[in-house]
Amino acid sequence: MSNNDFIEFFDGGAEPKLENLGGKGASLVTMTAAGMPVPPGFVVTTAAFDAFMDGGITAEINALLTELDPEDVKAVDAASASIRLMITQRPVPAALREVTRDAFAALQANFAAEVPLAVRSSATAEDLPDASFAGQQDTYLWLNGYDSVTEHIRACWASLYTSRAILYRLKNNIPDEGLSMAVVVQKMVNSAASGVAMTLDPTNGDRSKITIDASYGVGEMVVSGTVTPDNIQLDKVTLAVITEHIGAKHAELIPDPATNSLVEVEVSEERRAVRCLSDADLALVAQLAKRAEKHYGCPQDIEWALDADLPAGENLLLLQSRPETVHSSKATVKPTGGGYASSLGLGSGSGFNFSSITSSLMNTAS
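Residues numbered from 1 in each chain as written. Predicted model: local features only at pLDDT ≥ 70, side-chain atom pairs only at ≥ 80, totals over all residues. Heavy atoms only, no water.

Observations regarding the overall build of the protein
Just so we agree on the cut-off: Runs of H or I in DSSP of at least four residues are treated as helices and runs of E of at least two as strands, each being numbered from the N terminus. Each residue is assigned to one of three classes by its accessible area relative to the maximum for its type, calculated with a 1.4 Å probe on protein chains only: buried under 20%, partly exposed between the two thresholds, exposed over 50%. The accessible surface values rely on the Shrake-Rupley method and a 1.4 Å probe; as for residues, cover is taken only from the protein chains in view.
Counting secondary structure elements, the protein contains 10 helices and 13 strands. Across the 366 residues of the protein, 54% fall into the buried class. Total accessible area on the protein stands at roughly 14700 Å², and carbon and sulfur atoms take up 52% of it.

Pasting the structure below:
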């Protein structure tokens, strides 16, 4: 199926414009075009969101947001709840439903049997070089069937107005006018292990290092801070391990065939005690992070996963790559001898994706 105003496939060949695809969607289309190992999918464009919002609802939302005080959290919470309910109960136009159904069918046609999908928010004001919007909007994992996917597309649209997102925009003087939301629909990865990686040392910005957080199962437990992952720092040139901390990794999210959904299960003591990545997998993650940095031309903060359904050596997938926003705007730091992300205590809004840096960052990728 080809692209249209409302749908853009990762491999559809169109130019990845931020205003059409949002930060996450534009990144995934760019990475696919660059030949990086991205799970297939499509983006429901901002034009779809704008068509959905036509008919006066935007004016109602702006009226609720007018004069909000960022210090009055209760008022922000109340406005957020009203706006999100307004959006999730609003009917989707027939033309938009039709093209979304066609795109869903075209994606599923790539597989022998219908596969679970992830639905991920992609706002136009996220993943920008001078701001950190990570985790303010929603991601939904392991969704089965068209009805579930479309329901959660609408939920992603509504998450443009989470309390956290509203507060961030208020405190940073970011206007609500002109904001829009694209939504990524993507094959769900059956993650044996997953995590995040940064192409620098987050303690000091040293670009001669790569820092990796990794845990078992789906990566939501890493980025949400639910588990303490393994943390490994490598030399960017030689890929030699500089520091290594084995995290507790007490639980993992895995698919449950009985319910056809993700469930949290306890990790055995034996698996907790060892690193979840082999030396070969660790090197592959580091190389993938370097590849993303080379492509984008600046330090990157990536999300990755090892797909249990794919053979070793071909199972590493890139889920997202965004610019590192804290140290990248500063002068390059002279290389140092160590440090690892789990030793930090940075708060949310720092721009980092590591759960060992902040347990409050992100909902979400997926």
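Description of the packing of helix 4 (residues 73–88) against helix 6 (residues 146–158)
What counts is decided by this rule: Every axis corresponds to a line fitted to the C-alpha atoms, with the helix fit spanning only the stretch in contact, and the corresponding angles, defined between N-to-C directions, vary from 0 to 180 degrees. When an angle is under 35 degrees it counts as roughly parallel; over 145 it counts as roughly antiparallel; between 65 and 115 it counts as roughly perpendicular; any other value is oblique. Crossing chirality is assigned from the near helix's rotation relative to the far helix, an anticlockwise turn below a right angle marking it left-handed and a clockwise turn marking it right-handed. Any two residues whose heavy atoms approach within 4.5 Å at even a single point are treated as in contact.
Two elements in contact, helix 4 and helix 6, have axes whose closest approach is 9 Å; the angle formed by their N-to-C orientations is 150°. Classified by the angle their axes make, helix 4 and helix 6 are roughly antiparallel. Both helix 4 and helix 6 take part in a crossing whose hand is right-handed. Every residue of helix 6 that contacts helix 4 at Arg84, Ile87 and Thr88 is listed here: Arg154, Ala155, Trp157 and Ala158.

Some points on the pairing of strand 13 (residues 316–323)
Note the threshold: Whether two strands pair comes down to DSSP finding at least two bridges between them.
Counting buried positions along strand 13 gives seven out of eight residues, so the element sits mostly inside the fold. Direction of pairing for strand 12 (residues 300–307) relative to strand 13: antiparallel, over a ladder of seven bridges. Within strand 13, the position partnered with Ala305 by the bridge is Leu317.

Quick word on the nonpolar core
Side chains of nonpolar character tend, in soluble globular proteins, to be buried together. Selection rule: In these notes, a set of buried Ala, Val, Leu, Ile, Met, Phe, Trp, Tyr and Cys residues joined through side-chain atoms within 4.5 Å is what counts as a nonpolar core.
In terms of nonpolar packing, the biggest core is built from 42 residues, with Val44, Ile87, Trp157 and Val185 touching the most fellow members. In terms of residue count, helix 6 provides more of this core than any other element does, six residues in total. The residues touching Val185, leaving out its near neighbours within four places in the chain, are Phe10, Gly41, Phe42, Val44, Leu107, Leu117, Ala118, Val119, Val149 and Ile153. Membership of the second largest hydrophobic core comes to 34 residues, among which are Leu21, Leu234, Ala286 and Leu316.

Observations concerning helix 10 (residues 279–296)
Within an α-helix, residues lying three or four positions from one another point in the same direction, as the helix has 3.6 residues per turn. What counts, and what does not: A helix's residues, less one, multiplied by 1.5 Å, set its expected span. This arc describes the spread of directions from the helix axis toward the C-beta atoms.
Between the first and last C-alpha of helix 10 there are 26 Å, a value that for 18 residues agrees with the 26 Å anticipated at 1.5 Å per step. Residues of helix 10 that are buried include every one of Asp281, Leu282, Val285, Ala286, Leu288, Ala289, Ala292 and Glu293, and no others. Taken end-on, helix 10 shows its buried residues confined to a sector of 155°, consistent with a single buried face. Structural note: helix 10 exposes Asp279, Ala280 and Lys294 on the side pointing more than 90 degrees away from its buried face. Looking at the buried positions of helix 10, the neighbouring elements they touch are strand 6 (191–198), strand 7 (209–216), strand 8 (230–235), strand 9 (241–245), strand 12 and strand 13.

Some details on the pattern of salt bridges
What counts here: In the sections that follow, a salt bridge refers to a side-chain nitrogen of Lys or Arg positioned within 4 Å of a carboxyl oxygen of Asp or Glu.
Scanning the model with the defined rule gives 13 salt bridges in all. For Asp206, the salt bridge goes to Lys209, with nearest N and O atoms at 2.7 Å. Lys209 matches Asp206 in its accessibility class, with the two residues each being buried. A salt bridge links Glu293 to Lys236, with the nearest nitrogen and oxygen atoms 3.0 Å apart. Placement of the pair is Glu293 in helix 10 and Lys236 in the loop between strand 8 and strand 9, with a sequence separation of 57 residues. Considered together, Glu293 and Lys236 belong to a single accessibility category, that of buried residues. Each of Arg120, Glu303 and Arg322 takes part in one network of salt bridges that share partners.

A short note on the packing of aromatic side chains
We count it as follows: Working definition: a ring pair exists when centres of Phe, Tyr or Trp rings (six-membered ring for Trp) sit within 6.5 Å. Plane angles under 30 degrees give stacked, over 60 give edge-to-face, the rest tilted.
According to the stated counting rule, one finds four aromatic pairs in the structure shown. Aromatic pair Phe49 and Trp157: ring centres 6.2 Å apart, planes at 65°, arrangement edge-to-face. Here Phe49, found in helix 2 (residues 46–53), pairs with Trp157, found in helix 6; they are 108 residues apart in sequence, far enough to count as distant. For Phe49, a relative accessible area of 3% gives the class buried. Relative accessible area serves as the criterion here: at 2%, Trp157 is assigned to the buried category. Both rings, one in Phe52 and one in Trp157, keep their centres 4.7 Å apart while their planes meet at 35°; by these two values the pair is tilted. With Phe52 in helix 2 and Trp157 in helix 6, this pair connects stretches of sequence that are 105 residues apart. By the burial criterion, Phe52 is buried, and Trp157 matches it.

Quick look at helix 7 (residues 163–171)
Taken as a whole, helix 7 has its buried residues at Ser163, Ala165, Ile166, Leu167, Tyr168 and Arg169. The secondary structure elements touched by the buried residues of helix 7 are helix 3 (57–65) and helix 4.

What to know about the environment of Arg90
Stated formally: Polar contacts, as used here, are pairs of N or O atoms within 3.5 Å; protein pairs need one atom able to donate a hydrogen and one able to accept it. Residues neighboring in sequence count only if both atoms are side-chain atoms.
In this structure, Arg90 sits in the loop between helix 4 and helix 5 (94–108). Counting along the chain gives 64 residues from Arg90 to Arg154, while the straight-line C-alpha distance between them is 8.8 Å. Looking at Arg90, its side chain comes within polar contact range of the main-chain oxygen of Asp54, at 2.5 Å.

Some details on the pairing of strand 2 (residues 41–44)
In strand 2, alternate side chains face the same way, and those of Gly41 and Val43 on one face and Phe42 and Val44 on the other are all buried. When strand 1 (residues 7–9) meets strand 2, the two strands line up antiparallel, connected through three bridges. Bridged to Ile7 within strand 2 is Val44. In terms of strand pairing, strand 2 meets strand 5 (residues 181–187) through four bridges, oriented antiparallel. Bridge pairing in strand 5 links Val43 to Val184.

Here we look at the environment of Ala312
Along the polypeptide, Ala312 turns up in the loop between strand 12 and strand 13. Residues Ala312 and Ala280, spaced 32 residues apart in sequence, show a C-alpha to C-alpha distance of 9.6 Å.

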